[in-house]
Each structure stands twice: as C-alpha cells, then as structure tokens.
Amino acid sequence: MLIRGRTWVFGRHVNTDLIFPKIWFRPTYEPGEMASHLMVGLDEDFPKKVGRGDIIVGGANFGCGSSREEAAAAMKEAGIGAVVAPSFGRIYTRNCINVGLPIVVSPGIDEHVTQGDELAIDLVKGFIRNVRTGYEARLPPMAPESLRLIQDGGIANYTRRVLEERRTAMRAQH
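One structure accompanies this document, and this report is about it. Everything quoted here is computed from the prediction, not taken from an experiment.

### Describing the overall build of the protein
Next up, step 1: Each helix and strand counted, the protein has six helices and seven strands in total.
Next up, step 2: Each helix and strand of the protein, ordered N terminal to C terminal, gives the series β-α-α-β-α-β-α-β-β-β-β-α-α.
Next up, step 3: The globule rule puts the C-alpha radius of gyration for 174 residues at 16 Å, and the 17 Å found for the protein is close to it.
Next up, step 4: By principal-axis analysis of the C-alpha atoms, the protein measures approximately 60 × 40 × 25 Å.
Next up, step 5: Per-residue burial over the protein gives 46% buried out of 174 residues.
Next up, step 6: For the protein, restricting intrachain contacts to residue pairs at least 6 apart in sequence, the fraction spanning at least 24 positions comes to 64%.
Next up, step 7: Carbon and sulfur atoms make up 55% of the accessible area of the protein, which amounts to about 9100 Å² in all.
Next up, step 8: Across the protein, the 22 positively charged side chains and the 20 negatively charged ones have centroids separated by 5 Å.

Pasting the structure below:
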C-alpha cells in the first residue's frame, strides 16, 4: 500500500482539542461537517487548504489529550492520506485504527519534513521518503491484517467483511 501526498506540518504535543475543537462537538454530524472543522484550533483556514490524500506530519506526542474520536474521524472525512509523527497519544492511535486512517510512527520525521514537501510511504515494504529532499527511513512493515483494516475503511467495515466471509464459508460447508 503506497501513500503519496503533500505535507502539512504541525508541532509537538498537538492535542485532540486543537485537531477538533470541542466548540464543534455534537452527538451527530452531517456528512462533511467534521472535516470542515479539522485543525481549526491551530489554523482556521486549514479545512479550505487541505486536499484529499494530503499527509499530516506532527511532532512528538501528536494527538495527545482527550479521547475525542472526532479528531481521527475528521481527518478520515477530510481525506487525509496518513498521519506521521515520532510518537502519538495512545487513545488517538486507537481512534485512527478504528476509522482506518493510516498512522505511521517515524522517529525524527518532524526534523526531515517541511510544509508542502511530498512524502511517499509504503506500508508493505516499510519505508517513508521525502520526495523533495531524498530523506528516507525504514518503517516496520505493516501486518497484512492491519493493511486490510485500512483498506476496508476501519474496524467496523473490517469486522463486517470478516463475519460475512465466515458466514459464507460456513454455508459452503453445509
């Protein structure tokens, strides 16, 4: 799975309240509504500037703070191709996995990328490369099941698919 996109660079300790400010929190959202508030805690115009497939590069502890699921969901809805940082908040990591948003730990990446660079990330072969500078780093290859979870669009779709495959296999046996 190859991801290639333009970067948006944010600093260290960017918490979920900055990614998706609580002023916009509601029990339900219209399609596209969460994406329209993405990162406005740091850049009010970000939703107008970001494009599908773009990659967010954060500093250490990106996504720290509350368990706000909307932070990851707003990125997915906006079409973010991946989020890359030296480290992530634990709950934010889980929320990204749940929505099928690729999250990549790459120590020191924030020192090798500037805003607008193009990154190429290969989750199968395990590398990340800054196309502009040529900087490249190895990543641990992603497990096949994790890749399927991303391809399926998150844990709910993944689970539906697996259960349907099991039902189909059971019917075939009887």
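### Points about helix α5 (residues 144–152)
At 3.6 residues per turn, the α-helix brings residues three or four places apart onto the same side.
Next up, step 1: Within α5, burial applies to Leu-147, Leu-149, Ile-150 and Asp-152.
Next up, step 2: Where α5 terminates, the next one or two residues include Gly-153, which has phi positive at roughly 90 degrees.

### Here we look at the pattern of salt bridges
Next up, step 1: Using the criterion set out here, one finds 12 salt bridges in the structure.
Next up, step 2: Its salt-bridge partner being Asp-43, residue Lys-49 comes within 2.6 Å of it at the nearest N-O pair.
Next up, step 3: Its relative accessible area of 37% is what places Lys-49 among the partly exposed residues.
Next up, step 4: On the basis of relative accessible area, Asp-43 is assigned to the buried category, the value being 18%.
Next up, step 5: Note that Arg-167 and Glu-164 form a salt bridge whose closest N and O atoms lie 2.9 Å from each other. Separated by three residues within a single helix, Arg-167 and Glu-164 lie in helix α6 (residues 155–173), roughly one turn from each other.
Next up, step 6: By relative accessible area, which is 40% here, Arg-167 ends up partly exposed.

### Considering the nonpolar core
The nonpolar side chains of soluble globular proteins are, as a tendency, buried together.
Next up, step 1: If you look at the biggest cluster of nonpolar residues, it comprises 28 residues, and the most contacted ones within it are Phe-62, Met-75 and Tyr-92.
Next up, step 2: Sorting elements by how many residues they give to this core places helix α3 (residues 70–78) first, with six residues.
Next up, step 3: The residues contacting Met-75, other than those within four sequence positions of it, are Ile-19, Leu-38, Met-39, Ile-56, Phe-62, Ile-80, Val-83, Tyr-92 and Leu-101.

### Some points on the environment of Gly-116
Next up, step 1: Assignment of secondary structure puts Gly-116 in the loop between β4 (103–105) and β5 (118–122).
Next up, step 2: Taking C-alpha positions, Gly-116 is 9.6 Å from Ile-55, a pair spaced 61 residues apart along the chain.

### Re α6
Next up, step 1: Compared with the 27 Å implied by 1.5 Å per residue over 19 residues, the 27 Å span of α6 between its first and last C-alpha is a close match.
Next up, step 2: Regarding α6, the residues found buried are Tyr-158, Arg-161 and Val-162. Buried positions in α6, seen along its axis, are confined to an arc of 95 degrees and lie on one side of it. Away from its buried face, by an angle of more than 90 degrees, α6 presents the exposed residues Arg-160 and Arg-171.
Next up, step 3: Tucked inside the fold, the buried residues of α6 contact α5.

### Observations concerning the packing of α3 against helix α4 (residues 90–99)
Next up, step 1: Direction vectors running N to C along α3 and α4 enclose 40 degrees, while the axes themselves pass 8 Å from each other. Comparing their axes, α4 and α3 come out oblique. Regarding α3 and α4, the two cross each other, and that crossing is right-handed. Contact residues: α3 offers Ala-71, Ala-72, Ala-73, Met-75 and Lys-76, while α4 offers Tyr-92, Asn-95, Cys-96 and Val-99.

Calculation rules
Residues numbered from 1 in each chain as written. Predicted model: local features only at pLDDT ≥ 70, side-chain atom pairs only at ≥ 80, totals over all residues. Heavy atoms only, no water. Helix = DSSP H or I, 4+ residues; strand = E, 2+ residues; numbered from the N terminus. Rg over C-alpha atoms; globule rule 2.2 N^0.38 Å. Buried < 20%, exposed > 50% of the residue type's maximum accessible area, 1.4 Å probe, protein only. Contact = heavy atoms within 4.5 Å. Areas by Shrake-Rupley, 256 points an atom, 1.4 Å probe, with all protein chains shown as cover. Lys, Arg positive; Asp, Glu negative; His and termini not counted. Charge placed at Lys NZ, Arg CZ, Asp CG, Glu CD. Salt bridge = Lys/Arg side-chain N within 4 Å of Asp/Glu carboxyl O. Core = buried A, V, L, I, M, F, W, Y, C linked by side-chain atoms within 4.5 Å. Expected span 1.5 Å × (residues − 1). Arc of directions from axis to C-beta. Axes fitted to C-alpha atoms, helices over the stretch in contact; angles between N-to-C directions. Parallel < 35°, antiparallel > 145°, perpendicular 65-115°, else oblique. Left-handed = near helix turned anticlockwise from the far one by under 90°.

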